[in-house]
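In case you want the letters, here they are:
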Amino acid sequence: MKKMRSHKVSVVRRGPVLPDDACPACGTQMVERRGTLRLPVNGEEMAVPSAAHLRCPKCAEVVLRFQDSKRLSEDAIAIYRKKHELLSADEIRAIRERFNLTQADLARLLRLARTRSHAGSRAGTCRRRRWTSCFD
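A. Looking closely at the pairing of strand β1 (residues 31-41). Relative to strand β2 (residues 44-55), β1 is paired through 10 bridges, and the arrangement is antiparallel. Bridge assignment links Leu-39 to a residue of β2, and that residue is Met-46. Linking β1 to β2, which pair antiparallel, is a turn of two residues; within it Asn-42 sits at a positive phi near 50 degrees.

B. Highlighting the layout of surface pockets. One number sums up the size of the largest pocket: a volume of about 150 Å³. Leu-87, Ile-92, Ile-95, Leu-106 and Leu-110 are the residues that line the largest pocket. For the lining of the largest pocket, the secondary-structure elements that each account for two or more residues are α2 (89-98) and α3 (103-117).

C. Just the pairing of β2, in detail. Relative to strand β3 (residues 62-63), β2 runs antiparallel, the two being bridged by two bridges. Directly across from Leu-54, in β3, lies its bridge partner Val-63. In this antiparallel pair of consecutive strands, β2 and β3, the connection spans six residues, and Ala-60 shows a positive phi of 65 degrees.

D. Fine view of a nonpolar patch on the surface. Residues Leu-87, Ile-92, Ile-95 and Phe-99 make up a contiguous nonpolar surface patch of roughly 340 Å² in combined accessible area. With respect to the element layout, Ile-95 can be found in helix α2.

E. Broad picture of the sheet that holds β3. Ordered in space as β1-β2-β3, the three strands form an open sheet in which the pairing is antiparallel. Whereas interior strands pair on both sides, the edge strands pair on one side only; in this sheet they are β1 and β3. Seen against the sheet, helix α1 (residues 66-83) touches β1 and β2 and runs at an angle of roughly 155 degrees to β2.

F. Region of interest: the environment of Gly-35. Along the chain, the position of Gly-35 falls in strand β1. Taking the C-alpha atoms as reference points, Gly-35 and Ala-52, separated by 17 residues in sequence, lie 6.8 Å from one another. Residue contacts for Gly-35: discarding those within four places in its chain leaves Val-48, Pro-49, Ser-50, Ala-51 and His-53.

G. Molecular detail of the nonpolar core. The biggest cluster of nonpolar side chains holds eight residues, and these are Leu-37, Val-41, Met-46, Val-48, Ala-51, Leu-72, Ala-76 and Tyr-80. Among the elements of the structure, β1, β2 and α1 are those that each provide at least two residues to this core. Once residues lying within four places of it in the same chain are set aside, the contact partners of Met-46 are Leu-37, Arg-38, Leu-39, Val-41, Ala-76, Ile-79, Tyr-80 and Lys-83.

H. View of the pattern of salt bridges. Applying the stated rule across the entire model yields seven salt bridges. Between Arg-65 and Glu-32 there is a salt bridge, with the nearest N and O atoms lying 3.1 Å from each other. With Arg-65 in the loop between β3 and α1 and Glu-32 in strand β1, the pair connects residues that are 33 residues apart, well separated along the chain. Judged by relative accessible area, Arg-65 falls into the partly exposed class, the value being 34%. With a shortest N-O distance of 3.8 Å, Arg-38 and Glu-45 are connected by a salt bridge. Across the pair, exposure class does not vary: Arg-38 and Glu-45 are exposed alike. Overlapping salt bridges bring together Glu-32, Arg-65 and Asp-68 as one network.

What counts and what doesn't
- Here the residue index of a chain counts from 1 through its sequence in written order.
- With the structure being a predicted model, the display of local features is reserved for residues of pLDDT at least 70 and the display and counting of side-chain atom pairs for 80 or more, all residues being used for whole-chain, interface and lining totals.
- To obtain the side-chain values, all non-hydrogen atoms of the structure were included, while hydrogens and water were left out.
- In this analysis, strands are considered paired if DSSP registers two or more bridges between them.
- Put simply, DSSP marks the helices as runs of H or I at least four residues long and the strands as runs of E at least two long, and each gets a number from the N terminus on.
- Grid points spaced at 1 Å over the protein atoms alone were grouped into cavities, where a 1.4 Å probe fits but cannot get out, and pockets, open sets with protein on both sides within 12 Å along at least five of seven lines, with lining residues defined by an atom within 4 Å of a point.
- Grid points are joined across faces, edges and corners, and a volume is the space filled by probe spheres set on the points.
- For patch building, the residue pool is restricted to those with more than 30% relative accessible area and no salt bridge; the joining distance is 9 Å between like charges and 5 Å between nonpolar side chains (Val, Leu, Ile, Met, Phe, Trp, Tyr).
- Using a 1.4 Å probe, the Shrake-Rupley method yields the accessible areas, and only the shown protein chains count as cover for residues.
- Salt bridges are defined by distance alone: a side-chain nitrogen of Lys or Arg within 4 Å of a carboxyl oxygen of Asp or Glu.
- When checking whether two residues touch, look at their non-hydrogen atoms; a contact exists if any pair is within 4.5 Å.
- Lines fitted to C-alpha atoms define the axes here, with helix axes fitted over just the stretch in contact, and angles between the N-to-C directions of these axes take values from 0 to 180 degrees.
- Side-chain atoms within 4.5 Å are what join buried Ala, Val, Leu, Ile, Met, Phe, Trp, Tyr and Cys residues into a set we call a nonpolar core.
- Working definition: with a 1.4 Å probe on protein chains only, accessible area under 20% of the residue-type maximum means buried, over 50% means exposed, and in between means partly exposed.

Below, the structure written as structure tokens:
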């Protein structure tokens, strides 16, 4: 018969348990605020006005709840799209459905439009070659 070793369970001691709305840095109760927060999107920092967040009145630490973080990310991406005049996924889907196109058909159309728009310039012809070689 095999002898069993007795395993001792070690208890990890932690500091005091803080309430959910306490500052993780100093323990002070945080205040809900709205203000401009910045978030990078594709390497470019986007300022999102009136973003909901928790701020510590003592040390100015900012904490985002899950919902606030998700909303901040969505708003930052929307601002980025508007700034660079990009279509959202829903807008692209609506265009495809309106003209009865598959994703491959739309990609082919966009590739043709891009290669024709750069056909006149010398740099454009280089780009055109790279684009066509990537997709062919």
